[in-house]
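Listed here are the chains, written in short residue letters.
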Amino acid sequence: MTPAEIALLAAWCAALSLFALAGGLLLSGIDRKLAAHMQARIGPPIRQPFIDTVKLLQKENVVPANAIPWLFSAAPVVALVSSVLVLFYIPVASTMPVLGAYGDLVLVMYLLTVPALALVAGGFASGSPYATIGAQREMVTMIAYEFPLAIVVIGVAWRLGAAGISHPFALQSIAANPVWSVTGPLGLAGVFILLVVLAAITPAELSRIPFDTQEAETELAGGLLVEYSGRNLAMFTLAQAAKTLVLAAVIVAVFFPWNLSSFLAMPGLLAQAADLLFFLLKAVLVLFFAVTLVRVAMARFRINELVSFYWVYLSVIGLAGIVLLMADVVAGPLAGVGV
Amino acid sequence: MSGESKKAPYRVPIGPNHPALKEPVMFTFEMEGEVVRDVDFAPGQAHRGIEWMGMRRNPVQIVHLTDRICGICGVVHSLSFSLAVEQIAGIEVPERADYIRTIVHEFERIQSHLLWAGVAAHELGFDSLLYLTWRVREEAMDVIENLTGNRVNYGIVQVGGVRRDIVPEQHAIIEKCLATYEGLLDTLLSFFLDDRTIRMRCRDVGVLSRKDAVELCTVGPTARASGVNVDLRQDYPYAAYGDLDVKAVLPDRYLGETHGDVYDRIVVRLLEVGQSCQIIRQCLSEMPAGPITAEEKLVKLLATCKKATGEGIGRVEAPRGECLHYVRMEGKDSPASWKVKASSYSNLMSWIPMLRGSQIADIPIIVASIDPCLSCTDRVAIVQDNRRSILTKDDLHRLSAEKTRRLQG
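Rules used in this analysis
- Residues numbered from 1 in each chain as written.
- Chains lettered and ligands numbered in written order.
- Predicted model: local features only at pLDDT ≥ 70, side-chain atom pairs only at ≥ 80, totals over all residues.
- Heavy atoms only, no water.
- Pairing = 2+ DSSP bridges.
- Helix = DSSP H or I, 4+ residues; strand = E, 2+ residues; numbered from the N terminus.
- Axes fitted to C-alpha atoms, helices over the stretch in contact; angles between N-to-C directions.
- Buried < 20%, exposed > 50% of the residue type's maximum accessible area, 1.4 Å probe, protein only.
- Arc of directions from axis to C-beta.
- Contact = heavy atoms within 4.5 Å.
- Buried area = accessible area lost by both parts, 1.4 Å probe.
- Salt bridge = Lys/Arg side-chain N within 4 Å of Asp/Glu carboxyl O.
- Polar contact = N/O pair within 3.5 Å; in protein donor to acceptor, adjacent residues only side chain to side chain.
- Phe/Tyr/Trp six-rings, centres within 6.5 Å; stacked < 30°, edge-to-face > 60°.
- Lys NZ or Arg CZ within 6 Å of the ring centre and 35° of its normal.

Engineer: So what exactly am I meant to see when it comes to the sheet that holds strand E3 (residues 35-42) of chain B here?
Structural biologist: Where strands meet in a sheet, backbone hydrogen bonds hold them as pairs that are either parallel or antiparallel. Residues and elements named next belong to chain B. Spatial strand order, E1-E2-E3: three strands in an open sheet with antiparallel pairing. In the strand order of this sheet, the two ends are held by strand E1 (10-14) and E3, each with one partner. Within the sheet, the average angular offset between the axes of one strand and its neighbour, ignoring direction, is 25 degrees. Looking at chain direction, E1 and strand E2 (residues 26-32) are connected through five bridges and run antiparallel.

So this is what it looks like as structure tokens:
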């Protein structure tokens, strides 16, 4: 790469980082507003997460006496950096992933666990029993949802590969060839099931009700985050916001990759802007159904219920989705549809 | 997470201030992984010396002090205290006053149970239900304000009667509120009882066996949910309850079986909301005309109280269970002795069998399930040289024997 290319890449990464933070906070604000309206409340203004973050950044940063200081302070940084980093590998609107050449969906899957691991490390380093329990629960939760998540990723990529698409794990090819377009009716059902599974994993990834056992306000008083304050807490909040956007972007990229500009002819810059707005709209819709609607309609799960939910029910459902996809590949040529 | 750390139990303190607790109490849990192995708790964090204040005031003043014992039970304590004083002074309460007391008392039960249901939903992480129940609770609060002039600390009960009458125009307002609740009850029941997450989190959680419930002398919905057929309104009727047909609400009458768990406590409380509506309706239709107080002139009432000697006990079925006031008058302005036993006092010990063997996740809902009211309960806090000490059973026995001897003169 020439220096100019590197500079361009760096500029893109900086812009994307800003977009990850601002977009994530915006999505959190919309989520809070929508939840409030569903609970017959007015709710905070949509810009509330921005106000909160700015305020947190100005507050005192307390490190508990019995914490491990370097780990305690490093965890939020790692969480924030890794959450933002994921977005470099995911297509946003009509922009292809900036680092797409260096990583695929499997890398995204692994990167998504890093913020959670940082939270666990920070929780254990806090030296508080609440945070320790929260950290244990976060680990268990992570182990629980990784398997169904892998099922979704492999299922989609395998189907694309079976349809003859090269580099099926690369997000460029996934976004360029919507998985719905390569399947027959059986496969559509299978893809839909995988979408439901991925949507059901989202609240756990974002530690939202009913899968927020690791923070569980009424049980653990904030769990993992109980000892965090000031700048460190702000960084975790931002990491959480970025992760919200990233997860929405993953679901959008894998299942709803269409762009407005491919349907309507528009001048270049306008097309970019329209695609970005359309992307945000898709993200809001995805999060509304996967997170907001679920969290206002359910009570919190116990950790053992959470594990059996993911390992047993969701895994079986996900495997059923894969079986449908396989049947689709087999039945497709026979029925003369699909591939 | 290794085998070794599982063997070594660790301690988790919860309280005195914790989001799971609406009032201060200090829990110490011995945990094994996510499971509670043992639990100890220390009340006495909200002692305000109400009895000390009361013993320096006259009964007419104390009634309004009793209003402030509890934030929810604005009528229970004042009614209970008034019953005790009326017993001592031989004051005959007019029938109409008894009915008004009953109506306000039942409205209080409705708002208290709805408040509790909202708190329970919040403890389970089901905030939508919290907002819903607290919104419908407002209707009862509005009616209470209309009847008494206050939303909390009603100030409606007076020794010898009540301070406000219910006029015919108010019947329509009460009737409208009752109709709303009766219409809503099925919805509320299905929200709480048919929701799968609530059923999953509450069924067979925090079980209190019938035997434990009896041996620990639990009262109110906590006891009834374990299948103990106790309700002062049915067993020892006071106010207008003698004329009414009140049957204790037991879970097996609704579900056909008794588990004694958190779920059953939800059932009992929600059904009692419906029962209270019926009681109020019956009271409204049968309420006789007449005066609302035995003695309108407070000076004369005070003189009667001052002359009285003897001891009296007022027992009232509060939303949380039996509330008891013991009063002893010796011909002076202020009582010689006044003891308040709030309903939560009898229920706190049931936490221990309920919490043992439960999971951390269940602690908030189990603690909330007896609807603890600690500022009502806390009567004692021993602090000497800035240090708190604990009284053993022997100490308490010695102290109570001394007090009994002192009272016997």
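Engineer: What is the right way to look at helix H2 (residues 48-58) of chain A in this model?
Structural biologist: In an α-helix, one full turn covers 3.6 residues, which means residues spaced three or four apart are oriented alike. All names here are of chain A. Burial in H2 covers these residues: Gln 48, Pro 49, Thr 53 and Leu 56. With its buried residues spanning 130 degrees around the axis, H2 presents them on a single face. Of the exposed residues in H2, those oriented more than 90 degrees away from the buried face are Lys 55 and Gln 58. On its buried face, H2 sits against helix H1 (3-38) and helix H9 (230-255).

Engineer: I would appreciate a short explanation of the interface of chain B and chain A in the present structure.
Structural biologist: Each partner contributes residues to the interface: chain B has 30 residues there, and chain A has 26 residues. The junction of chain B with chain A conceals about 2,400 Å² of combined surface from both sides, 58% of it contributed by carbon and sulfur atoms. At the surface where chain B touches chain A, the tally comes to one salt bridge. Inspection of the chain B/chain A interface yields eight residue pairs in polar contact (both at pLDDT 80 or more). Elements supplying a minimum of two residues to the side of chain B that touches chain A: E1, helix H5 (95-123), helix H6 (127-148) and helix H8 (196-202) of chain B.

Engineer: So what exactly am I meant to see when it comes to the packing of aromatic side chains here?
Structural biologist: Describing an aromatic ring pair means giving the distance of the ring centres and the angle of the ring planes. Applying the stated criterion across every chain, the model contains 16 aromatic pairs over all chains. Plain terms: the ring middles of A:Phe211 and A:Phe301 are 5.2 Å apart, the flat faces sit at 65 degrees to each other, and that makes the pair edge-to-face. Of this pair, A:Phe211 sits in the loop between helix H7 (185-205) and helix H8 (217-220) while A:Phe301 sits in the loop between helix H10 (268-297) and helix H11 (303-335); the two residues are 90 residues apart in sequence, bridging distant segments of the chain. Each residue in the set A:Tyr145, A:Phe211, A:Phe301, A:Phe309 and A:Tyr310 is aromatic and connected to the rest through ring pairs, giving one cluster. A cation over an aromatic ring shows up here: B:Arg269 above the ring of B:Trp116, its NZ or CZ 4.3 Å from the ring centre. Here the basic side chain of B:Arg315 rests over the ring of B:Tyr236, its NZ or CZ set 4.7 Å away from the ring centre.

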